[in-house]
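Spelled out, the chains give:
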Amino acid sequence: MISFSMPVRVFFGENAVAENSAVFERFSGKKAFIVTGARSAKESGALRDVSAALSKHAIEYEVWSDVVPNPGVELVYRGAKEARKCGAAFVIGIGGGSAMDAAKVIALLAVNPIPKAAIFAGSPEPKALPVIQIPTTSGTGSEVTPNSVLSNDTDMTKTSVASPAMFADTAFVDPRYTVTMDRKTTADTAVDAMTHAVEGMMSKRAGRLTDALAAEAIGCFVSAEPALLGEEEISMKERASLLYASTVAGMVIAQTGTVGVHAMGYQLTYHRSVPHGRANGFILTDYLAAVEKHDPVIVSTILEELGLEDLCELRTLMDRLLGPRPAVSDFEIEGFAKRAAAAPGMRNGAVVLTESEIRSVYRRSLA
Ligand SMILES: [Fe+2]
C-alpha cells in the first residue's frame, strides 16, 4: 500500500514570488500576518519581494518578527493572539525552520482553541488559516511538511505538533534567499536535509516512492559536497541544488517522519544549544552503526546513495563539514538517552534501538 499526500503547491526557482504572485490574488482586500525571525526575511530580500506582491494585489499585512531559534509554546500562542487581533485571513512564514514552524502552528491556533497543555496532541480539526511558506535556509523542508517542532519544556526536549491542516497552501522556494546564509549555517542545514532523506529510508513508513525521493535529495547533497567543503563562494547552482534537496527531503519526511537521529539530536539542541542540523550530523554515523547490527542492508544502501565506502568515511565527512563535537558528561548522557528513548520518533524506525544502545550511540558520537 502506498499512501502519499503532498497538497502543497511548490514554485521552485529564482524569482518564484514575483513570477507567481497571482497566487495572492484570492486574498485581495484581505490581511496577511507575516511570521519571521529577526533578520533573514529582510536580509535575504524575501520580505521585499513578498511586500511587492502583496501591494500589487491590495493586500494589507502585519510583520511579526518575534520568532527566536527553537521557538517554544508561549511564543506561538502569543503569535496566534496577534494574528487574531489583526484580523489575518492567512499567514506567511519567511525564514528557516523556526519561522516556518512557528507560522504553521500560529495558523492552526488562530482558528482552534487548543489548550496549551494539549498542544503536542496536535489537532484533529481539519482547519487552520491558509499558510504560504518561504524558506531562507536549505535544510528543514518545513515548507512541505505538516509538522512543527517546538521546544517542549515539560519533557525537556523538542516535540513535533502535527496536523494535516498545517500543510502550506503554497511554497515559494527561491535559492536567491539562501545566499545570505554563512558557510557554517549552509553546511549545518544541508546536513539536516540529508538526514531527513536518510531517516526517511530507515522509517517503518518508508516505501518505494519515498525511497526514490530520498535518493534524489541525497544525490543533490552529494553533488554540493565539494562546494560545502571548499573555500570558494558557494555558487547559485549549488545553492539551488541544496535547496532542492531540502524541499525534496521535506516531501519524504512529510510521509515517513524522522527517526532516531532527530530524536537524539533534539537533546543536544534543547540542552546544549547545538544547531539542529549539526546535532543530527554528530549523531548520524554511530546511529547507523547501531542500526547496522540489526539491518546491514539498509545501512549499505544509504552508504551507496551517499557514495561512501563505509561508516568511517561518513564520520570523516561529518567531521570535515561540522567541526568539533561537544563534550558531554556521562551524567548528561544518562538523561539524554532516557528522554530520547521515550521520544515518538525513536519508535518510528524500522529498527528501534534500546535505551542501552542509544546511550552508547551518544557516548561514541560525542567528545
Ligand atoms: Fe530536521
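Just so you know, these numbers come straight off a predicted model, no measurement behind them.

J.: Would you mind going over the overall build of the protein in detail, with residue names and values included?
T.: Assigned secondary structure in the protein consists of 14 helices and 8 strands. In terms of overall dimensions, the protein is globule-like: its C-alpha atoms have a radius of gyration of 20 Å, near the 21 Å expected for 367 residues. By principal-axis analysis of the C-alpha atoms, the protein measures approximately 60 × 45 × 40 Å. Out of the 367 residues belonging to the protein, those deemed buried represent 54%. Partitioning the intrachain contacts of the protein with sequence separation of at least 6 by distance along the chain shows that 81% fall at a separation of at least 24.

J.: Any details on the domain arrangement of the protein? Residues and values, ideally.
T.: In terms of domains, the protein is made up of domain 1 (9-178) and domain 2 (183-365). Computed from C-alpha atoms alone, the centre-to-centre distance between domain 1 and domain 2 is 25 Å. Elements that contribute at least two residues to the side of domain 1 that touches domain 2 include exactly β1 (9-12) and β7 (157-162).

J.: Give a description of the nonpolar core that names residues and reports values.
T.: One finds V35, V91, I106 and A217 to be the most contacted residues of the largest nonpolar core, which totals 120 residues. Among the elements that line this core, the one with the most residues is helix α8 (residues 236-256), at 11 residues. Apart from the residues within four sequence positions on either side, I106 is in contact with V35, V76, G79, A80, A83 and V91.

J.: An account of the environment of A245 is needed here, citing residue identities and associated values.
T.: Mapped onto the fold, A245 is located in helix α8. C-beta crowding within 10 Å serves as the criterion here: with 27 such atoms nearby, A245 is assigned to the buried category. Counting along the chain gives 29 residues from A245 to E216, while the straight-line C-alpha distance between them is 7.3 Å. Once residues lying within four places of it in the same chain are set aside, the contact partners of A245 are A193, A217, C220 and F221.

J.: Tell me about helix α11 (residues 296-306), and please be specific about residues and values.
T.: By the burial criterion, the buried members of α11 are V299, I302 and E305. Down the axis of α11, the buried side of the element spans an arc of 120 degrees, and every buried residue falls inside it. Away from its buried face, by an angle of more than 90 degrees, α11 presents the exposed residues P296, V297, S300 and E304. Of the surrounding elements, those touching the buried residues of α11 are α6 (183-202), α7 (208-229) and α10 (276-292). Following α11 by one or two positions, G307 adopts a phi angle in the positive range, close to 70 degrees.

J.: I'd love a proper account of the pairing of strand β6 (residues 147-152), names of residues and values included.
T.: Within β6, 5 of the 6 residues are buried, which leaves the element mostly enclosed by the surrounding structure. With 6 bridges connecting them, β6 and β7 associate as antiparallel partners. From the neighbouring strand, S148 faces β7, where its bridge partner is V161. Hairpin remark: β6 followed by β7, antiparallel, with 4 residues in the connecting loop; positive phi at M156, about 50 degrees.

J.: Mind laying out the sheet that holds strand β8 (residues 170-173), listing which residues take part and the relevant values?
T.: Across the sheet, 6 strands lie side by side as β1-β8-β5-β4-β2-β3; this open sheet has parallel pairing. Edge positions in the sheet fall to β1 and β3 (60-64), since each has one partner strand and no second. Strand-to-strand twist in this sheet, taken as the mean axis angle between neighbours without regard to direction, amounts to 15 degrees. Two elements, β1 and β8, share 4 bridges in a ladder whose sense is parallel. Paired with R9 across the bridge in β8 is T170. The sheet strands contacting helix α3 (residues 46-56) are β2 (31-36), β3, β4 (90-95) and β5 (131-135), and the helix crosses β4 at an angle near 155 degrees. Contacts between helix α5 (residues 97-109) and the sheet are confined to β2, β4 and β5, with β4 contributing the most and set at about 165 degrees to the helix.

J.: With reference to specific residues and values, describe α7.
T.: A rise of 1.5 Å per residue sets the reference length of α7, with its 22 residues, at 32 Å; its end C-alpha atoms lie 31 Å apart and thus fit the reference within 8%. Residue S223 marks the point of greatest curvature in α7, where the axis turns by about 35 degrees; the proline P226 follows within four residues. Every buried residue of α7 is listed here: T210, L213, A214, A217, I218, C220, F221, A224 and A227. The secondary structure elements touched by the buried residues of α7 are α6, α8 and α11.

J.: Describe the packing of helix α13 (residues 330-342) against helix α14 (residues 355-365), listing the residues and the values that go with them.
T.: Two numbers describe how α13 lies on α14: the axes approach to 9 Å, and their chain directions differ by 130 degrees. The angle between α13 and α14 places the two elements in the oblique class. When you trace α13 past α14, the crossing you get is right-handed. The residues of α14 that touch α13, namely those facing I333, F336, A337, K338, A340 and A341, are E355, I358, R359, Y362 and R363. Looking at side-chain class alone, the contact of α13 with α14 contains 7 nonpolar, no polar and 4 charged residues.

J.: Go over the packing of α6 against α11 with me, naming the residues and quoting the values.
T.: Packing of α6 against α11 brings their axes to within 10 Å, and their N-to-C directions diverge by 150 degrees. Classified by the interaxial angle, the pair formed by α6 and α11 is roughly antiparallel. The two elements α6 and α11 meet at a crossing, and its hand is right-handed. Contacts from V198, M201 and M202 of α6 reach α11 at I298, T301 and I302. Across the contact of α6 with α11, the residue classes break down as 5 nonpolar, 1 polar and no charged.

What counts, and at which threshold
Residues numbered from 1 in each chain as written. Predicted model: local features only at pLDDT ≥ 70, side-chain atom pairs only at ≥ 80, totals over all residues. Helix = DSSP H or I, 4+ residues; strand = E, 2+ residues; numbered from the N terminus. Rg over C-alpha atoms; globule rule 2.2 N^0.38 Å. Buried ≥ 20, exposed ≤ 12 C-beta atoms within 10 Å, placed from the backbone. Contact = placed C-beta atoms within 7 Å. Domains from an automatic or database assignment. Core = buried A, V, L, I, M, F, W, Y, C linked by C-beta atoms within 7 Å. Arc of directions from axis to C-beta. Pairing = 2+ DSSP bridges. Axes fitted to C-alpha atoms, helices over the stretch in contact; angles between N-to-C directions. Expected span 1.5 Å × (residues − 1). Bend = angle between axes of the 7 residues up to and from the residue. Parallel < 35°, antiparallel > 145°, perpendicular 65-115°, else oblique. Left-handed = near helix turned anticlockwise from the far one by under 90°. Nonpolar A, V, L, I, M, F, W, Y, C, P; charged D, E, K, R; others polar.

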